[in-house]
Every structure is written in C-alpha cells, then in structure tokens.
Amino acid sequence: MANEPTSPSTTDGTAEQSRLRLTISNASALRGIAAFAAGAPFTAFVAAVEVAIATAALGVPRSTAPVAVGLVAFAVYAADHVADAEGDMGSTPTRARIALRYGDQLMTAAAVSYGAAVALAVVAGPSALALVLVPGAVWIGYASDWLPAVGNLAAPLAAVSVPRLKDVFLLNSAAVALAWAVAVVAAPLAFSGVAVDAVGTPTVALLFAYVALRSFVDVEVPNVRDVAADAARGVSTLPVAYGVGGTRRVLLGVDALAAGLLAVVSATGAAPRPVLVALAAGLAVSVAVTALADRLGGAALGVAPDCSYLVAGAVLLALGW
C-alpha cells in the first residue's frame, strides 16, 4: 500500500552498504565515460578544430573538411586504442578496460566513422578521397602487426625482424606528426577544390612545417605519462631514452622552431593577423604544458597538449574570424 509506513533500515548497515556500492558504481561509470570522452572523441573534436584553423590560415572557402578529418581521427584512434588495449593497461587503465570490454563495438563505430568520412570525400572529389585514405594506410603501418607479418613472410629464416612503426624510436612520433600535418593542411585545399598555387606554395609549406612540429610535441608529451609502461614493453621514446628533463629541453626546442616559423609567417604576411594571434596563443599553451609535463597528472597530460588548439580556436572566434 502506498500509505504504509516504510520499514527502518536494518541495524547491520545493509542500507548504508547498498548506498555505498551504488555510489562506487556511479563513480566508476563516470570515470569510464570521462576516459572514453578523453580518448578518440576528444581527439576527433580537436582534429576538426585544427582543420578549421588551417582553413582560416589558408584563406580557402569553408567545406566539410573539418567534419571528415574529425571522423577519420575518431576511427584511427578508436582502432588504435583497441589494438593496444592490453599494452595500455599500465598507463591508461580505465581507457584500456573500455577498449577491452567494448572492442567489437568500438571497431564497428570506427568503421562507420571512416565510411562516413569516405562518403564526404567522394562528394568533394578525387583529391579529397585520396587524402582521406592516407591516415588509414599510415595507421596500418604504424600500429598494426601488418609490417612485422609481411617481414616474417618475406624472410622467415632471417635473424632481423621488422618492428611496428609505432615501436621505432622517433620515427613513430615523426610518422604521426607528418600524417597530422598532411591531413590538417591538405584537407581544406582538397575539400574546397583550391590548388596549392592559388594559395601560395610558401604559405602552404610554412603552415605544414608548423603543424608537423606542433604535432611532434603533442605526441611526445603524453609519453612522459607512459614512460614506465613503454620501458616495460621495450618501446623507446624520448622520455625513456633521455628522461623527463631531456625530453622537456628537446620539446621546448621544437616549440622554439615553431615560434620561428610563426615569425616568418608574420614577416611575409603569409597568413591573416588574427590567425597568427590565435596560433601564438596556442603555442604559448603548448610551451606551458611542456614545461609542466612532470607535474601534471596522467589524465591531464593525455589531453593538455591538444587543448592548445582549443585555445587557438577560441581566440580565433573571439577575434570574430
């Protein structure tokens, strides 16, 4: 009956224990959602913002390039998290558990996302389609076991084995940085149908070099968080090889090169002033994150480098661009 008195809680604390279990369960669910959101979805959003900034820097018409690159980024990083879930348990355990538990669903979502990006590229034209296919091809060589398998088939009796590109010192970060630079800079041109000559080869080259340098930093900074796990797996990164202090000096030097490129862009008038201000603000955030790399927590270190692009995007919007 609705008007019957409720029974008091038992004296053995059963009700309190139930509430405690529910609270712990809710907290775990929230941590899982946060870990998932801070993974591939966050990377996809940042990728879209980067392409939007590049569109403004190049002065080309707006297109579906940010959406397409965001979809590709989600697909590649979701697949990467599933492929390396067991190895990531030591550095990003919550994200790794999600990848292990929902691996099939994440791979399905990745396939659908990549398919949607390909569909947008088909509408935009052959150049856009070719561009969208590049990140997937890079990931196959970067993170999958395809290259080692081909190497074993080609020389099954050879003493030398072919490693994953992801496990090769510096070449791994350089490959990711170059792939990001190609996607971010070429996508606005390909999807809007604007030729490089129409924008100016120096402008495109300077922006490409800037994005590549910044992407290299963004890849290596989270490796400070992963140093113990990478060392245990035999994967050499800057923090593993040179420690946090050495890594900080190297990455600050790379950011200094990026600042030099911005100075050249400013001197030559290769990009609009509001874009330069936005990129400079993002670079300042990158320098701060690099300087504090050993003081940031693991979760913060995973997303902080990419936040520089969100700052740059916010500045660009604030300037009315």
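Chains are numbered independently. Their residues run from 1 in the order of the written sequence. With pLDDT at 70 or above as the cut-off, local features in this predicted model cover only qualifying residues; side-chain atom pairs require 80 or more to be listed or tallied, and sums for whole chains, interfaces and linings still use all residues. Note that water and hydrogens are dropped before the side-chain values are worked out from all heavy atoms of the structure.

(A) Looking closely at the confidence of the model for the protein. Model confidence for the protein is summarised by a mean pLDDT of 82, while 79% of its residues fall at 70 or above. pLDDT expresses how confident the predictor is about each individual residue, on a scale running from 0 to 100. Think of it this way: any DSSP run of H or I at least four residues long counts as a helix, any run of E at least two long counts as a strand, and we number them from the N terminus. Taken element by element, the protein is modelled with least confidence in helix α7 (residues 146–154), mean pLDDT 51, and with most confidence in helix α5 (residues 103–124), mean pLDDT 95. Confidence drops under pLDDT 50 across residues 1–11; counting only partners more than four residues distant or on other chains, this segment forms one contact. In this analysis, two residues are considered to be in contact whenever any of their non-hydrogen atoms come within 4.5 Å of each other. Note that pLDDT drops below 50 for residues 22–26; the model gives that stretch zero contacts with residues more than four away or on any other chain.

(B) Molecular detail of the packing of aromatic side chains. Classification of ring pairs rests on two measures: the distance between centres of Phe, Tyr or Trp rings, Trp counted by its six-membered ring, which must be within 6.5 Å, and the angle between planes, read as stacked under 30 degrees, edge-to-face over 60 and tilted in between. Per the counting criterion, the structure on display carries one aromatic pair. Centroid distance Y77 to W180: 6.2 Å. Interplanar angle 45°. Geometry classified as tilted. With Y77 in helix α3 (residues 65–83) and W180 in helix α8 (residues 171–192), this residue pair connects regions lying 103 residues apart in the sequence. Overall, the relative accessible area of 24% leaves Y77 in the partly exposed class. Residue exposure (1.4 Å probe, protein chains only): buried if accessible area is under 20% of the type maximum, exposed if over 50%, otherwise partly exposed. Judged by its relative accessible area of 14%, W180 is buried.

(C) Looking closely at helix α4 (residues 93–101). Every buried residue of α4 is listed here: A96, I98 and A99. Down the axis of α4, the sector holding all buried residues measures 160°, keeping them to one side. For this quantity, the arc is that covered by the directions from the helix axis to the C-beta atoms.

(D) How the structure looks around the nonpolar core. To form a nonpolar core, buried Ala, Val, Leu, Ile, Met, Phe, Trp, Tyr and Cys residues must be joined to one another through side-chain atoms within 4.5 Å. L58, V132, A187, F191, L207, Y210 and V211 are the most contacted members of the largest nonpolar core, which has 59 residues in total. The contact partners of V211, leaving out residues within four places of it in the chain, are E50, W180, A181, V184 and V185. Listed in part, the 12 residues of the second largest apolar core include V217, L251, V289 and L301.

(E) Inspection of the packing of helix α10 (residues 201–220) against helix α13 (residues 273–291) at higher detail. Between N-to-C directions, angles cover 0 to 180 degrees, with each direction set by a line fitted to C-alpha atoms, over the stretch in contact for helices. At a minimum axis separation of 11 Å, α10 and α13 run at an interaxial angle of 25°. The pairing of α10 with α13 is recorded here as roughly parallel in orientation. Seen along the crossing, α10 lies across α13 with a hand that is left-handed. Facing α10, whose interface residues are Y210, R214 and V217, α13 presents L279, G282, L283, S286 and T290. An angle below 35 degrees is treated as roughly parallel, one above 145 as roughly antiparallel, one from 65 to 115 as roughly perpendicular, and anything else as oblique. Take the far helix as your reference; a near helix turned counterclockwise from it by less than a right angle gives a left-handed crossing, and one turned clockwise gives a right-handed crossing.

(F) Molecular detail of the environment of V221. Mapped onto the fold, V221 is located in the loop between α10 and α11 (227–233). With 72 residues separating them along the chain, V221 and A293 place their C-alpha atoms 6.8 Å apart.

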